[in-house]
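Single-letter residue listing:
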Amino acid sequence: MSFPTFTFVQGAWFFLAFIPLVVLYFLKLKRPRVEIPSLALWQSVVNDQRVNSPFQRFKRNLLLLLQMILLLLLILALMQPFISAGPETTDYLPVLVDCSASMSSVVDETGRTRLDVAIEQAQGMIDNLRGEGKIALFSFASGGRRITEFTDNKRILSRGLEQMKPTHRASKLDEVLRMADAYSRTAPVEKVVVITDGNLNDRVDFELPFELDIQRVAEGGDNLGITEMSARRSGPQTWDIFVRISGSSEDPLLGDLKLFQDGRLIGKEAVSASTEDAERIVFSVDTDKEALLQALLEVGEKDSLSIDNQVWLTLPKPRPLRCRISPELYSWQHAAGVQSDVDIDAAKDPTAPEYDVIISDSEDLKGVTAPVNVYNGVVPDDLSDLISVTDVDVASSDIQIVDWTRTAHLLRHVRLRDVQIGQQTAYAEGATSQDLEERGYEVLIHGASGPLMLQRRRGLETDYYFLFNTDRSTLPYRIAFPILVSNVIQAGMSQASLSEISASPTGVLPPLNMEADRQYKITGPDGSSDTVNSTSTGRLTGVPAATVGKYDIYDDGELVASVGTGLLSQLETSLAPVEELKFTEVEVRTDTAEMVESDLDLWWSLAFAAFLFLLLEWWYFQRMKTEVTA
């Protein structure tokens, strides 16, 4: 704290009001004419003249003193004095307020949340704003949002704080820091303040160009929530449902987990979880059609965060995997044909616009698409300047497989050590695997002189390239080949959600298969609605899902599908703050910060004191008048 300062210094001109007060006081005295019987009373007259001298009268008159004190207090209150809580702000200060799901955690018995505390801290900064300082408000969860421009208007900033509401998303600091960095290029920003509960990823992909001040709010109470929900097909019409429950306290918290299928209760289990011991519950569901599941966690009064207590999951209708295989790839057709629940299309021309898996000997897919594409004996066109393929003797040791990525999905449990190949791949002069990675490719199988198999991810699609023709090798005659084809089928079933499926977190709904080129209306759990058009292949993608709950899809007013989301964030449910954030070459502590103190205004105290002096003056002179009358 510092010495009091004044907001309205010009109010000091009102001290000139003391001059007419004193002048009016002296003009107030009127001497009455009185006849006296004796000169002996002249001594009293002389004494009266002495008392009426300016200084003598000033010393002995209580009314004048009270009026001067009253005027002094009123003028000081008019000048709006305050005691500063900190140094004067003279720079541009971005304030980033965390609005992630964990910020809605209740921190005390009054029902205040972490976000309420954060807004109070930000309001304290706004109240302290003076001089040439300006503040810009940002909110962030999984993404960032600018609330106000840089301004010193406290009313605009306070209204901006009123717009901040907790979201149903996990927190991520990268994007909002990039937004603040963009503003720092138009204004002299030296420091950025982040008000958060500390539930952040400890590694941030951002290089700090300014000082970062992390102000942590209270940790909140105990919490129990659902952090994972998935399903795995265990039979033609049977699914195993896995639900993971996690807690935020060292002591176990108790609750009841209920599972609903299309609104009907089908399972209930008592659960207990803590920070060290999460619990995994398994339910079995039988269905021959699409089904909507809801996992609902019921917890007692100790649960401080309710957003993570429900998760929705849609089970797809059972169907065979649609697989397109080029007519000439007989070995692949035979290996895939023995797999169960696989519908193979090996015709000369594709019979459908979309498949789950495509196995082709050419990059020309004739307009069809699939989330999993396997190319046999194909070098990608954009790598033709880096890789060459030539025919060689199959017995040559130079083209044997020397290593492979055993953790890759297609190469699990596949042994390729003794496979011999009748084609040799080689890097162009000066080319390396680094050049392939820069173009988006990863080497999965390495030969003696170059790569033999590549992987490329493109959004939701994954492409696998066998740079050699598998029929020009001993691979189809090895036990590794049917295992490899089985892995391809499993990858396709997983991508098509036919064997495994996981509940979707808030943000965007999972892709939906609908009728092509139609307009659908999506209604959210909070009553919001959105209109989205399906693609020419019938895919409904990019539907925003900001709130946990069930989303209904309507076609011309008719309900055609329902899907749902959940928070599904171990970090948010744990309510556990990180102690340190690691940036590029910089580490920032996130220790708990004290509540920001606002400037202490004194004008109302002075005005109240003036009112008390006014009452004191009225009481004192009313009492004297009453005594004289008596």
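Residues numbered from 1 in each chain as written. Predicted model: local features only at pLDDT ≥ 70, side-chain atom pairs only at ≥ 80, totals over all residues. Heavy atoms only, no water.

## Description of the packing of aromatic side chains
Line of reasoning, step 1. Under the counting rule described, the total for this entry stands at 9 aromatic pairs.
Line of reasoning, step 2. Ring centres of Phe150 and Tyr183 lie 6.1 Å apart, and the angle between their planes is 65 degrees; on these two criteria the pair is classed as edge-to-face. One end of the pair, Phe150, is in the loop between β5 (144-146) and α6 (154-162); the other, Tyr183, is in helix α7 (residues 174-184), with 33 residues separating them in the sequence. Exposure class is identical for Phe150 and Tyr183. Each is buried.
Line of reasoning, step 3. Among the aromatic residues, ring-to-ring pairing joins Tyr92, Phe138, Phe150 and Tyr183 into one connected group.
Line of reasoning, step 4. The ring of Trp404 carries Arg406 above its face, with NZ or CZ at 4.1 Å from the centroid. (Phe/Tyr/Trp six-rings, centres within 6.5 Å; stacked < 30°, edge-to-face > 60°. Helix = DSSP H or I, 4+ residues; strand = E, 2+ residues; numbered from the N terminus. Buried < 20%, exposed > 50% of the residue type's maximum accessible area, 1.4 Å probe, protein only. Lys NZ or Arg CZ within 6 Å of the ring centre and 35° of its normal.)

## Some details on the sheet that holds β5
Line of reasoning, step 1. Strand order in this open sheet of 5 strands is β5-β4-β3-β6-β7, and the pairing throughout is mixed. The sheet is open, and its two borders are formed by β5 and β7 (211-216), each paired with just one other strand. The average angle at which neighbouring strand axes cross in this sheet is 25 degrees, direction not considered.
Line of reasoning, step 2. Along the sheet, α7 makes contact with β3 (92-98), β4 (134-140), β5, β6 (191-196) and β7, crossing β5 at roughly 35 degrees. (Pairing = 2+ DSSP bridges. Axes fitted to C-alpha atoms, helices over the stretch in contact; angles between N-to-C directions. Contact = heavy atoms within 4.5 Å.)

## Things to note about the sheet that holds strand β18 (residues 372-376)
To summarise the sheet geometry, strands pair through backbone hydrogen bonds and adopt either a parallel or an antiparallel arrangement.
Line of reasoning, step 1. Across the sheet, which stays open at both edges, the 8 strands sit in the order β16-β15-β17-β18-β24-β23-β22-β20 with mixed pairing between neighbours. Two strands in the sheet have a free side with no partner beyond their single neighbour: β16 (342-345) and β20 (401-404). When the angles between neighbouring strand axes are averaged without regard to direction, this sheet yields 20 degrees.
Line of reasoning, step 2. Bridging between strand β15 (residues 321-325) and β16 involves 4 bridges; their strand directions are parallel. Each residue of the ladder has a partner; that of Arg324, found in β16, is Asp345.

## Remarks on empty space enclosed by the protein
Line of reasoning, step 1. Counting across every chain of the model gives 1 cavity of 30 Å³ or more.
Line of reasoning, step 2. Of the pockets and cavities examined, the largest cavity occupies roughly 40 Å³.
Line of reasoning, step 3. Forming the boundary of the largest cavity are Ile401, Leu411, Val414, Leu416, Ile445, Phe466, Phe468, Leu475 and Leu484.
Line of reasoning, step 4. The residue inventory of the lining of the largest cavity, partitioned by class, reads 9 nonpolar, no polar and no charged. (1 Å grid on protein atoms, 1.4 Å probe; cavity = no way out; pocket = protein on both sides within 12 Å on 5 of 7 lines; lining within 4 Å. Points joined across faces, edges and corners; volume = space filled by probe spheres on them. Nonpolar A, V, L, I, M, F, W, Y, C, P; charged D, E, K, R; others polar.)

## Focus on helix α5 (residues 114-127)
Line of reasoning, step 1. When the terminal C-alpha atoms of α5 are compared, their 20 Å separation across 14 residues agrees well with the 20 Å that a helix rising 1.5 Å per residue should span.
Line of reasoning, step 2. Against the buried residues of α5 lie β3, β4, α6, β6 and β7. (Expected span 1.5 Å × (residues − 1).)

## Quick notes on a nonpolar patch on the surface
Line of reasoning, step 1. Among the surface-exposed residues, Phe608, Phe611, Leu612, Leu614 and Leu615 lie close enough to one another that they form a single nonpolar patch of about 480 Å² accessible area.
Line of reasoning, step 2. Here Leu615 lies in helix α12 (residues 603-629).
Line of reasoning, step 3. With a relative accessible area of 40%, Leu615 lands in the partly exposed category. (Patch = residues over 30% accessible without salt bridge, like charges linked within 9 Å, V, L, I, M, F, W, Y side chains within 5 Å. Areas by Shrake-Rupley, 256 points an atom, 1.4 Å probe, with all protein chains shown as cover. Salt bridge = Lys/Arg side-chain N within 4 Å of Asp/Glu carboxyl O.)

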